[in-house]
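Structural overview for review
Residues per chain are reported as follows:
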Amino acid sequence: MGVKQRSKSLSASGNQLANTFFQLEILNKKELLPTSYVKFKDKIAQVGVPNIDVVPVEIFQLNIGKLCNQTCAHCHVDAGPDKKEEQMTKPDLERCLLIIKAVDSIHTVDITGGAPEMNVNFRWFVTEVRKLNKKIINRCNLTIIRSNPKYYDLPEFFAENKVHIVSSLPYFSASRTDKQRGDGVFEDSISALQMLNKVGYGIVDNLKLDLVYNPSGAFLPGSQCSLENEFKRQLLRRYDVKFHNLLCITNLPISRFLDYLIETDNYTDYMETLANAFNPATLDGLMCKNTISVSWDGNLYDCDFNQMLNLKVASNSQHISNFDVQQLNQRKVIINEHCYGCTAGAGSSCGGELV
Amino acid sequence: MEKKYFDPKDLAKFGEITKYQKDMGTKFFDWYGEVFSGDTALTEREKSLIALAVAHTVQCPYCIDAYTTACLEKGADEEQMMEAVHVAAAIKGGATLAFGIQMMNHAEKMNM
């Protein structure tokens, strides 16, 4: 079964939110925030953290393209089948390889998209990173494996290169998954998971398969441990599917999820929920502290979310063409109101809960 | 300002009930917190589903909002949540009907 798109990308539908300035304007509009709201910058200052300082970069996260076979309702990348131009080129991927090789502190290369596998240079790039003996994470949407015969052998390719697979599956039932990700996504996702299990993913220790849960609405994720137990029980019982860990990620109020919040009149309440759930214990573990996020066109950001808001790093080194690790390791993270998403409750990152 | 008995904003003020009786209020919140905290003999999800069902029987709009959100957060789906409401409704309806026995007993005693 193929995937039926739920919606168009913001840019394809001419939505004002495709403009990142407009998104930032919304996030900072006082009238749209609850009366008791404290700005993120002031909130962290109240707990004795005037700035978020970084540690030496450990995770090199690359968005190698916004092209995707799905158009998910919550997507912060605004990815979709129409994003054919926004693809990282081979010369830029080569530049990234030089950086990954040169910077000893980088132990993990985290590849994301869109559907990163749709970049024509994906397999070449993975093979080259493998030669550098760095850990590789690929954020695979699962359905790409079933989308076209040319992708059917991806599970074997991932296994050969010991790629750690991290895949979104919002729920263990079709109705809630398809509502967020498109009709037919659940069925194809389960089929892809079974293909991954068949080569050992989710079963043997060195073929890691983690799933990502993000709430399918304007609420926070519950306990990661509890949800993981339920996902494991249900996926095994219903589909004989196994995986290693469930990573819970909070939806940040940007891009398509911001559009959903505004359209459904949930924006003010959601910002209040995030701000009320602020947990200072999450600040030490924030992913922006040890990550550099690289966009398809080579620009550098503190995290994937800042990338989508076009908030480049506070450094003279803002592009892979002048990557200066010493300078970058001195920078302070650019923060804004969306940052409450990573500090709410047990915290949130590309690796799941923080505390 | 429009006067109304139930204002959704009042839910956030629930903690203020300690204002007039601090010791009892604090004990209540400690106990309440412990009841719902973590996966114990019941999972957090199961406890939220029970709370949602009870919220319907006591017809508390604040509790219905709060535990609908809690059920979603804890990973319950809409089908499970509606089933929980049916369980509550079945018990409430069944209990009403069960009193029919008392009515029947009394009617039979009174009638020739």
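It should be emphasised that the depicted structure is a prediction, and the values quoted were computed from it without experimental measurement.

**With respect to the overall build of chain B**
- The helix and strand tally for chain B stands at four helices and zero strands.
- In chain B, the succession of helices and strands from N to C terminus is α-α-α-α.
- For 112 residues, the compact-globule estimate of 2.2 N^0.38 gives 13 Å, and chain B exceeds it by more than 25% at 19 Å.
- Along the first, second and third principal axes, the C-alpha atoms of chain B reach 60 × 35 × 35 Å.
- When burial is assessed residue by residue, chain B has 23% of its 112 residues classed as buried.
- For chain B, long-range pairs separated by at least 24 residues make up 42% of all intrachain contacts whose partners lie at least 6 apart in sequence.
- Total accessible area on chain B is roughly 8700 Å²; 65% of this is exposed by carbon and sulfur atoms.
- Taken together, the 12 basic and 17 acidic charged side chains of chain B have centroids lying 10 Å from each other.

**Examining the overall build of chain A**
- Each helix and strand counted, chain A has 14 helices and eight strands in total.
- Here chain A has a C-alpha radius of gyration of 19 Å; the compact-globule value for 355 residues is 20 Å, and the two agree.
- Seen along its three principal axes, the alpha-carbon backbone of chain A occupies a region of about 50 × 45 × 40 Å.
- Looking at chain A residue by residue over its 355 residues, the buried ones come to 59%.
- Charged side chains of chain A number 38 positive and 39 negative; the gap between the two group centres comes to 3 Å.

**So, the pattern of salt bridges**
Residue and element names in this part refer to chain A.
- Tallying each qualifying case throughout the model produces 15 salt bridges over all chains.
- Of the charged contacts in the structure, one is a salt bridge between Asp-92 and Arg-95, with a shortest N-O distance of 3.4 Å. In this pair, Asp-92 and Arg-95 both sit in helix α3 (residues 90-102), three residues apart, roughly one turn of the helix.
- Within this structure, Asp-78, Lys-83 and Arg-256 form a network of salt bridges that share partners.

**Side note on helix α4 (residues 122-131) of chain A**
Residue and element names in this part refer to chain A.
- Regarding α4, the residues found buried are Phe-122, Phe-125, Val-126 and Val-129. Considered in projection along α4, the buried side chains sweep an arc of 100 degrees and stay on one side of the axis.
- Against β1 (59-63), α3, β2 (108-112), β3 (135-140) and α6 (154-160) lie the buried residues of α4.
- Looking one or two places after α4, you find Asn-133, whose phi comes out positive at around 60 degrees.

**Here's the deal with the pairing of strand β4 (residues 164-168) of chain A**
Residues and elements named next belong to chain A.
- Counting buried positions along β4 yields five of five residues, so the element is predominantly enclosed.
- Neither face of β4 is left uncovered, since the one carrying His-164, Val-166 and Ser-168 and the one carrying Ile-165 and Ser-167 both have all their residues buried.
- Here four bridges tie β4 to strand β5 (residues 209-213), and the two strands are oriented parallel to one another. Along β5, the bridge assignment pairs Ser-167 with Leu-211.

**Observations regarding the interface of chain A and chain B**
- Contacts between chain A and chain B engage twelve residues on the former and twelve residues on the latter.
- Both faces combined, the contact of chain A with chain B buries some 990 Å², and carbon together with sulfur accounts for 40% of it.
- Ranking the residues of chain A by area buried against chain B places Arg-176, Phe-219 and Ser-226 of chain A at the top, with a combined share of 44%.
- At the surface where chain A touches chain B, the tally comes to two salt bridges.
- Between Glu-78 of chain B and Arg-176 of chain A there is a salt bridge; the shortest N-O distance is 2.9 Å.
- One can count seven residue pairs in polar contact (both at pLDDT 80 or more) joining chain A with chain B.
- The element that contributes the greatest number of residues to the side of chain A that touches chain B is helix α9 (residues 224-239) of chain A, accounting for three residues.
- The residue makeup of the side of chain A that touches chain B, split by class, is seven nonpolar, three polar and two charged.

**Side note on helix α7 (residues 174-181) of chain A**
- For α7 of chain A, the full list of buried residues reads Arg-176, Thr-177, Asp-178, Gln-180 and Arg-181 of chain A.
- Its buried side turned inward, α7 of chain A meets β4 and α8 (185-198) of chain A together with α3 (61-73) and α4 (78-110) of chain B.
- With its phi angle positive at about 120 degrees, Gly-182 of chain A sits one or two positions after the end of α7 of chain A.

**Observations regarding the pairing of β5 of chain A**
Residue and element names in this part refer to chain A.
- Within β5, five of the five residues are buried, which leaves it mostly tucked inside the rest of the structure.
- In this structure, β5 lies alongside strand β6 (residues 246-248), joined through three bridges in parallel fashion. Bridge pairing in β6 links Val-212 to Leu-247.
- Between the parallel pair β5 and β6, the chain is carried across by α9, and the sense of this crossover is right-handed.

Cut-offs used in this document
Residues numbered from 1 in each chain as written. Chains lettered and ligands numbered in written order. Predicted model: local features only at pLDDT ≥ 70, side-chain atom pairs only at ≥ 80, totals over all residues. Heavy atoms only, no water. Helix = DSSP H or I, 4+ residues; strand = E, 2+ residues; numbered from the N terminus. Rg over C-alpha atoms; globule rule 2.2 N^0.38 Å. Buried < 20%, exposed > 50% of the residue type's maximum accessible area, 1.4 Å probe, protein only. Contact = heavy atoms within 4.5 Å. Areas by Shrake-Rupley, 256 points an atom, 1.4 Å probe, with all protein chains shown as cover. Lys, Arg positive; Asp, Glu negative; His and termini not counted. Charge placed at Lys NZ, Arg CZ, Asp CG, Glu CD. Salt bridge = Lys/Arg side-chain N within 4 Å of Asp/Glu carboxyl O. Arc of directions from axis to C-beta. Pairing = 2+ DSSP bridges. Buried area = accessible area lost by both parts, 1.4 Å probe. Polar contact = N/O pair within 3.5 Å; in protein donor to acceptor, adjacent residues only side chain to side chain. Nonpolar A, V, L, I, M, F, W, Y, C, P; charged D, E, K, R; others polar. Right-handed = clockwise from strand over helix to strand, strands pointing away.

Honestly, it's all geometry; don't read function into it.
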